[in-house]
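Coordinate analysis (summary)
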Amino acid sequence: MPEKWIVLRNCGVIDPKRITTYLDRDGFKALKKALAEMPPEQIIEEIKVSGLRGRGGAGFPCGLKWELARKAQGDEKYVICNADEGEVGTFKDRYILERDPFTLIEAMAIAGYAIGAKRGYIYLRAEYHHLLDLLGKAISQAREKGFLDHFEIAIHEGAGSYICGEESALMESIEGKRGEVRYRPPFPPSRGLWGKPTIINNVETLMNIPQVILNGAHWFNQIGTERSKGTKVFSVSGDVKKPGVYELVLGSQLRELVMDLALAEKVKIIQVGGATGRIIPYDMIDTPLSFETILGAGAITVFDESRDIIDIVHRTIEFLAEECCGKCAPCREGTEVMAEILERFSCGEGVERDIGVLEELSNAMMLSSLCGLGQAAPNPVVDSLQYFRSAYESRIRKN
Amino acid sequence: MGEITVTINGSQLSGSEGMTILEAAQENGIDIPTLCHRPELTPIGACRICVVEVEGSRTLVGSCHTPITQGMVIYTHSPKVLETRKVIVELLLASHCGSCFMCDKANVCELRRIAADLEVGLPRFRVRKRYYPIEDVSPYIVRDLTKCILCRRCVRACNEIKKARVFGIAYRGFDSKVVVDFDQPIDKDVCQDCDVCISFCPTGALSRVKKLGEEKKGKALVISS
Ligand SMILES: Cc1cc2nc3c(=O)[nH]c(=O)nc-3n(C[C@H](O)[C@H](O)[C@H](O)COP(=O)(O)O)c2cc1C
Ligand code: SF4
Ligand code: SF4
Ligand code: FES
């Protein structure tokens, strides 16, 4: 399936510093249409019918999330754009924010109107500090043009923590607390930021909204697969000749992206979805990219034949142990134990029993951790044990 | 408050709206182990010992903070639940200092009791131990964080009952630690003699100064349920 630009349609075309260049590309027409012709319920219905699902990793249906927040009781409601982009190997949100901040602002204004929120936040990754000025100016230009009379947008900078990309830790962070996860339920649409109904969406999810409003749910619904509608923006990096950001129709082959577009050679391992994503061998390169198969937040990290699987898994787990918030026991202790075991394997000091221990531990962490980090942290371990088991077996210490 | 019907371990039971799975189970005589939760404190869902299986849920759910909903089908002691609880206790023991014989709270330690109930043996994990110097500068309280399992009961007891807000959490992941101010040893300037946190600590991490050893006096050291 081909490349297609819905999310990236303005990237490289408009001048991100000048709102007029955006207006020339149908900018803010969707917002005008929404405010003038569509009651909030109709907007939400449209998004639901479109089949748009969250692009931040979990794939939750966007329209349903908005509907829950719309129906929730609350004197205040909030819209949050998750621009924390902490997942290893993702850089597509940065690419978008650098080139087209206006579509995001328009989408947030539509979201605010749809759920009945007067205030929105962009939670900006600490390392994206250089974008603060550009985003701030884009918001002021939209305000000056009168597009934000019903809705105010503030930017909140992160402080460099991966877990603050997780929605509940992100809200704690905006509230000025330690970036730690909350248990759920209650979910953010009923009780989110400061206990008020809140929707939180990834940058890319929101970027689709104006096009869905302008072209209609059925237009969007035609693109993609049964349960994965629209396109996905991928961040491709690692052992490829052309690393970068690519937007493909959902359901496209991994092969097309990695081999034909990014020009990889001698591929051995592909990590899809970053540190908490899946690890697959080259044999599986004909897998389609969709919510039904593998996707995550669209980070594609390619490793060629010179790379060592144990090394990759060890580094990934070390990262997760470092970034774990420390609140719940299975993740706080489990990631550390995994890192210890993998470190031994990486220098040929594995013990026979370790493999079983890794499997049992993975299971317990997936089942009992409080949030997605601890639940998905075992993914690289489980996948590498499935597809590259001999690499482990060859690192068991011989007496 | 509406009535809610749930099925726990095959029996139909009823509870009221807003009740947690743990409360509904306890009310019907079903025992679910807990470590971080105390009925007097707001739940935080940190230790995960109380997880149960709920039909239709991808993961196990924390029973101390998850409200019951109509028609919920719950298993509190399925093999999956028991195996998971065992691994969690094993993890907590692995990084724990391990000197129960030397500990004044060995007979009242909740971690030890739960480990015995679940028949957790010597941990297989070779993770590093947490070692911190004992904080004994306060005339009221001794903190031996080497024995801390990060249940945060002290933090919440101090915040919610005494409203003194003496403790906070610092650092991340495995290095997380219950700290006072900018990680200074607890002293009499920040904490008065109220004992609230000590009574909430499930392990030997917090104890009174003068009464050290009291719990053990005249009792044999037994691991029992
Ligand atoms: C450990 C962890 C880190 C996450 N980091 C991000 C992130 O950097 N950006 C993001 O959009 N979502 C991230 N998420 C997902 C969010 O929790 C949330 O699901 C998402 O922002 C919802 O938006 P969506 O429905 O539009 O995808 C993370 C989740 C977890 C568990
Ligand atoms: S799973 Fe890890 S990151 Fe998530 S709440 Fe538990 S300790 Fe924190
Ligand atoms: S000191 Fe005691 S009460 Fe406080 S977190 Fe540690 S184990 Fe829990
Ligand atoms: S008792 Fe429920 S998570 Fe600790």
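Here the structure is a predicted model, which means the values were calculated and not measured.

**So, the overall build of chain A**
The number of helices and strands found in chain A is 18 helices and nine strands. By the compact-globule yardstick of 21 Å for 399 residues, chain A fits well, its C-alpha radius of gyration being 21 Å. Each of the three principal axes of chain A carries a C-alpha extent, and together these read 75 × 45 × 40 Å. Taking all 399 residues of chain A together, 61% fall into the buried category. Intrachain contacts of chain A at a sequence separation of at least 6 include 73% that bridge at least 24 residues. Element-wise, carbon and sulfur atoms account for 49% of the exposed surface of chain A, whose accessible area totals about 14,900 Å².

**Some thoughts on the site of ligand 3**
Near ligand 3, the surroundings consist of C148, I149, L150, C151, R152, C154, V178, C201, P202, T203, A205 and L206 of chain B. Partitioning the shell around ligand 3 into residue classes produces ten nonpolar, one polar and one charged.

**As for a nonpolar patch on the surface**
Residue and element names in this part refer to chain A. Judged by side-chain polarity, F60, L64 and L68 come together as a nonpolar surface patch covering roughly 250 Å² of accessible area. When you line up the elements, L64 lands in helix α4 (residues 62-71). Looking at L64, the relative accessible area reads 34%, which means it is partly exposed.

**Things to note about the domain arrangement of chain B**
All names here are of chain B. The domain architecture assigned to chain B consists of domain 1 (1-129) and domain 2 (131-225). Taking only C-alpha atoms, the centre of domain 1 and the centre of domain 2 are 23 Å apart. Facing the 30 residues of domain 1 at the interface are 31 residues of domain 2. Counting the surface lost from both domain 1 and domain 2, the interface buries some 2,900 Å², and carbon and sulfur atoms represent 59% of this. Considering only the side of domain 1, the residues that lose the most area to domain 2 are D104, K105 and N107, jointly responsible for 23% of the buried surface there. Across the domain 1-domain 2 interface, the total number found is two salt bridges.

**What to know about the pairing of strand β1 (residues 3-8) of chain B**
All names here are of chain B. As judged from the six bridges shared by β1 and strand β2 (residues 11-16), these two strands associate in the antiparallel manner. By the bridge assignment, T7 is partnered in β2 with Q12. Counted along the chain from β1 to the antiparallel partner β2, the turn is two residues long, and its residue N9 has a positive phi close to 50°. Both β1 and strand β5 (residues 73-75) contribute to a ladder of two bridges, which runs parallel. Bridge pairing links T7 to V73 in β5.

**Describing the domain arrangement of chain A**
Residue and element names in this part refer to chain A. Taken domain by domain, chain A holds domain 1 (19-221), domain 2 (231-304) and domain 3 (310-393). Using C-alpha coordinates to define each centre, domain 1 is positioned 33 Å away from domain 3. The interface is formed by 13 residues belonging to domain 1 together with eight residues belonging to domain 3. When the two sides are added together, the surface that domain 1 and domain 3 hide from each other amounts to roughly 830 Å², 70% of it contributed by carbon and sulfur.

**Concerning the sheet that holds strand β4 (residues 61-62) of chain B**
Residue and element names in this part refer to chain B. One open sheet accounts for five strands, arranged β2-β1-β5-β3-β4; its pairing is mixed. Single-partner strands in this sheet number two, and they are β2 and β4. As paired strands, strand β3 (residues 51-54) and β5 are joined by two bridges and run antiparallel to one another. In the strand pairing of β5, E53 is matched with Y75. Those strands touched by helix α2 (residues 79-95) are β3 and β5, and its axis lies near 155° from that of β3.

**What about helix α3 (residues 40-50) of chain A?**
Residues spaced three or four apart along an α-helix face the same direction, because each turn holds 3.6 residues. All names here are of chain A. Along α3, the positions that sit buried rather than exposed are P40, I43, I44, I47 and S50. Buried residues along α3 cover an arc of 120° about the axis, so they all sit on one side. The inward-facing, buried residues of α3 contact α2 (29-37), α4, α6 (101-115), α10 (209-215) and α11 (217-221). Looking one or two residues beyond α3, the residue adopting positive phi is G51, at roughly 80°.

Reading the values: rules and limits
- Residues numbered from 1 in each chain as written.
- Chains lettered and ligands numbered in written order.
- Predicted model: local features only at pLDDT ≥ 70, side-chain atom pairs only at ≥ 80, totals over all residues.
- Heavy atoms only, no water.
- Helix = DSSP H or I, 4+ residues; strand = E, 2+ residues; numbered from the N terminus.
- Rg over C-alpha atoms; globule rule 2.2 N^0.38 Å.
- Buried < 20%, exposed > 50% of the residue type's maximum accessible area, 1.4 Å probe, protein only.
- Contact = heavy atoms within 4.5 Å.
- Areas by Shrake-Rupley, 256 points an atom, 1.4 Å probe, with all protein chains shown as cover.
- Near = heavy atom within 4 Å.
- Nonpolar A, V, L, I, M, F, W, Y, C, P; charged D, E, K, R; others polar.
- Patch = residues over 30% accessible without salt bridge, like charges linked within 9 Å, V, L, I, M, F, W, Y side chains within 5 Å.
- Salt bridge = Lys/Arg side-chain N within 4 Å of Asp/Glu carboxyl O.
- Domains from an automatic or database assignment.
- Buried area = accessible area lost by both parts, 1.4 Å probe.
- Pairing = 2+ DSSP bridges.
- Axes fitted to C-alpha atoms, helices over the stretch in contact; angles between N-to-C directions.
- Arc of directions from axis to C-beta.

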